[in-house]
Amino acid sequence: RGYMVTQVPAGLLSKRYGGRNVLAVSAAFASLFTLLTPLSAHSLPLLIAARVAVGLFSGCAFPSTLSILGRWVPQQERSTCVGFVFAGSYLGTVVTIPASAYLLQSYGWRWIFFAFGVWGIAWMASLVLLVTAEPSQHATIHQSELKRILANLPPQDDSPKAVPWGKIFRSPPCWALFVGHTCNNWGLYLMLTQMPSYLSTVLGFDLENAGLVGALPYIAQFVFSVGGGVVADWLIDSATLSRTNTRKVFMVFGLLIPAVTLLLCGYQRDKVTAVALMTLSVGSSGLCNSGFIANYLEVSKDLGGVILSAGNTFATLPGIFAPALTGYILDQRKCSPDNVEGCRLAFLDSFRLAFAVYAAGAVFYAFFATSERVLQNDPPENKEGE
């Protein structure tokens, strides 16, 4: 998986050259190789190379984005901004599925890649024109806004010149981020890859209606992510909860609500109830953006993108193992269109496993997470190869 390979390099490059520059370059090349995909279809090696290249450059997106947010967003607005920005990936899922279906039916499959490749290049151009790595570099920013941003960013005296990898991997709060992130992604990858099959084989939706129903969870996820960010910032600003407890509350609820509702979904035979539970399960996971994603920016002032790159490397593994394990369970239960009960039991087994993963992540995060800065400006411990 090319996407997994470039996570850490992207975090390091963003720290050195600025998140805007890394995001712009990666978006440009990801879009270029998307455009080249249909032109490579005549050769299987070229086609595989083009898709791997898209994954490699797409892997830079999250670390570089978080690096930008760490330089731009005041502390009291981070939950709101993180929730809104990362919700874009959910909205993208909602838009691209029907758009791809329309392009496929109207113009043929190649135009899916042409359209989104051109769109990516246009978006990259807007990024270059409108965004800078640092607020002070922006040509049109008002001085009052610049002063407010800089006054509410964490002090900049805690960024070591070299990345202290040893301290990161020995830090329980960092592992709380890695574990919570990975457990959250287990359920997300499970539903992203298996939801169409569940809707068609177990609930009996045809492919067209399954696509429409399958969009509902991601609309809900967008709402939970944006709304959760606003509520989280209010809880912190009003001193209703401490920053650390706010992160824990949103992360625990963002893992346990999906766990319980997904498990209940596995027992349902009624279509409406099952879809409602599935929508709530995927949707409520958007609360986690006000948990671990915002928390990445807090454990160190200038290493949020780097730490996220390590965490997202671990969190990509469920994208490999969750679908593979579910496929194995489906085979063991002899799931087929003629054996719907076997499919239902297979998905129930998968949902039970997801429940256990979600619950483990919630417990681990609740015990070890903190919003305190745990990586101070200590000299790098080069003797241990950090």
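Worth saying up front: this structure is predicted, and the values here are computed from it rather than measured.

Thresholds, definitions, all that
Residues numbered from 1 in each chain as written. Predicted model: local features only at pLDDT ≥ 70, side-chain atom pairs only at ≥ 80, totals over all residues. Heavy atoms only, no water. Core = buried A, V, L, I, M, F, W, Y, C linked by side-chain atoms within 4.5 Å. Buried < 20%, exposed > 50% of the residue type's maximum accessible area, 1.4 Å probe, protein only. Helix = DSSP H or I, 4+ residues; strand = E, 2+ residues; numbered from the N terminus. Axes fitted to C-alpha atoms, helices over the stretch in contact; angles between N-to-C directions. Parallel < 35°, antiparallel > 145°, perpendicular 65-115°, else oblique. Left-handed = near helix turned anticlockwise from the far one by under 90°. Contact = heavy atoms within 4.5 Å. Nonpolar A, V, L, I, M, F, W, Y, C, P; charged D, E, K, R; others polar. Phe/Tyr/Trp six-rings, centres within 6.5 Å; stacked < 30°, edge-to-face > 60°. Lys NZ or Arg CZ within 6 Å of the ring centre and 35° of its normal. Disulfide = S-S within 2.5 Å. Patch = residues over 30% accessible without salt bridge, like charges linked within 9 Å, V, L, I, M, F, W, Y side chains within 5 Å. Areas by Shrake-Rupley, 256 points an atom, 1.4 Å probe, with all protein chains shown as cover. Salt bridge = Lys/Arg side-chain N within 4 Å of Asp/Glu carboxyl O. Arc of directions from axis to C-beta. pLDDT = per-residue confidence, 0-100.

(A) Inspection of the nonpolar core at higher detail. Ranked by internal contacts, the top residues of the largest apolar core, which has 72 residues, are Y198, L199 and I307. Counting residues per element, this core draws most heavily on helix α10 (residues 172–202), at twelve residues.

(B) Representation of the packing of helix α3 (residues 19–39) against helix α7 (residues 110–130). Running from N to C, α3 and α7 point in directions that differ by 160°, and their axes come no closer than 8 Å. As the angle between them shows, α3 and α7 are arranged roughly antiparallel. Read as a crossing pair, α3 and α7 show a hand that is left-handed. Seen from α3, the contacting residues are R20, L23, A24, A27, A28, S31, T34, L35, T37, P38 and L39; seen from α7, they are R110, F113, F114, G117, V118, G120, I121, W123, M124, L127 and V128. When its residues are assigned to classes, the contact of α3 with α7 shows 15 nonpolar, five polar and two charged.

(C) Representation of the side chain of T244 within the structure. You can see T244 is positioned in helix α12 (residues 243–267). For T244, a relative accessible area of 16% translates into the label buried.

(D) The packing of α12 against helix α13 (residues 271–284), seen in detail. In the contact formed by α12 and α13, the axes pass within 8 Å of each other and the chain directions differ by 160°. By the criterion of interaxial angle, the relationship of α12 to α13 is roughly antiparallel. Where α12 crosses over α13, the two elements pack in a sense that is left-handed. Counted together, G254, I257, P258, T261, L262, L264 and C265 of α12 and A274, L277, M278, L280, S281 and S284 of α13 form the full contact between these two elements. Of the residues assigned to the contact of α12 with α13, the class counts are nine nonpolar, four polar and no charged.

(E) Expanded view of the packing of aromatic side chains. The final tally for this structure, using the stated rule, is 19 aromatic pairs. Measuring from ring centre to ring centre gives 4.8 Å for F364 and F368, while their planes differ by 45°; the resulting arrangement is tilted. Taken together, the residues span about one helical turn, with F364 and F368 both in helix α17 (residues 340–368) at a distance of four residues. Note on F364: relative accessible area 29%, which makes it partly exposed. Overall, F368 belongs to the partly exposed group, its relative accessible area being 38%. Connected via pairs of aromatic rings, a cluster forms that spans W165, F169, W175, F178 and F314. A cation over an aromatic ring shows up here: K271 above the ring of F205, its NZ or CZ 4.7 Å from the ring centre.

(F) Inspection of the side chain of T65 at higher detail. On the secondary structure map, T65 appears in helix α5 (residues 61–72). Residue contacts for T65: discarding those within four places in its chain leaves L23 and V85.

(G) Highlighting the state of the cysteines. Taken as a whole, this structure holds one disulfide when the rule is applied. Between the sulfur of C335 and that of C343 lies a disulfide, 1.9 Å long from S to S. As the torsion about the S-S bond is roughly 90°, the C335-C343 disulfide counts as right-handed. Owing to a relative accessible area of 0%, C343 belongs among the buried residues under this scheme. Of all cysteine sulfurs, the one in C288 lies closest to C183, which takes part in no disulfide; the gap is 10 Å.

(H) Seen up close, a nonpolar patch on the surface. A cluster of nonpolar side chains, V25, F29, L32, L36 and L39, forms an exposed patch at the surface whose accessible area comes to about 410 Å². As for its placement among the helices and strands, F29 is situated in helix α3.

(I) Focus on helix α2 (residues 7–17). All of the buried residues along α2 are Q7, A10, G11 and S14. Taken down its axis, α2 places every buried residue within 100° of arc, on the same side. One or two positions beyond α2, positive phi appears at G18, with a value near 100°.

(J) View of unusual backbone geometry. A positive phi angle is found at A239, which is not glycine, with a value near 60°. Here A239 lies in the loop between α11 (207–237) and α12. In this structure A239 comes out as exposed when scored by relative accessible area, which is 63%.

(K) Quick peek at the environment of V223. Its location among the elements puts V223 in helix α11. Classification of V223 by relative accessible area gives exposed; the value is 53%. Sequence-wise, V223 and S284 are 61 residues apart; in three dimensions their C-alpha atoms are separated by 8.9 Å.

(L) How the structure looks around the confidence of the model for the chain. Per-residue confidence for the chain gives a mean pLDDT of 88; residues scoring 70 or more make up 94%. The model gives residues 377–386 a pLDDT under 50, and that stretch makes 19 contacts with residues more than four places away or in other chains.

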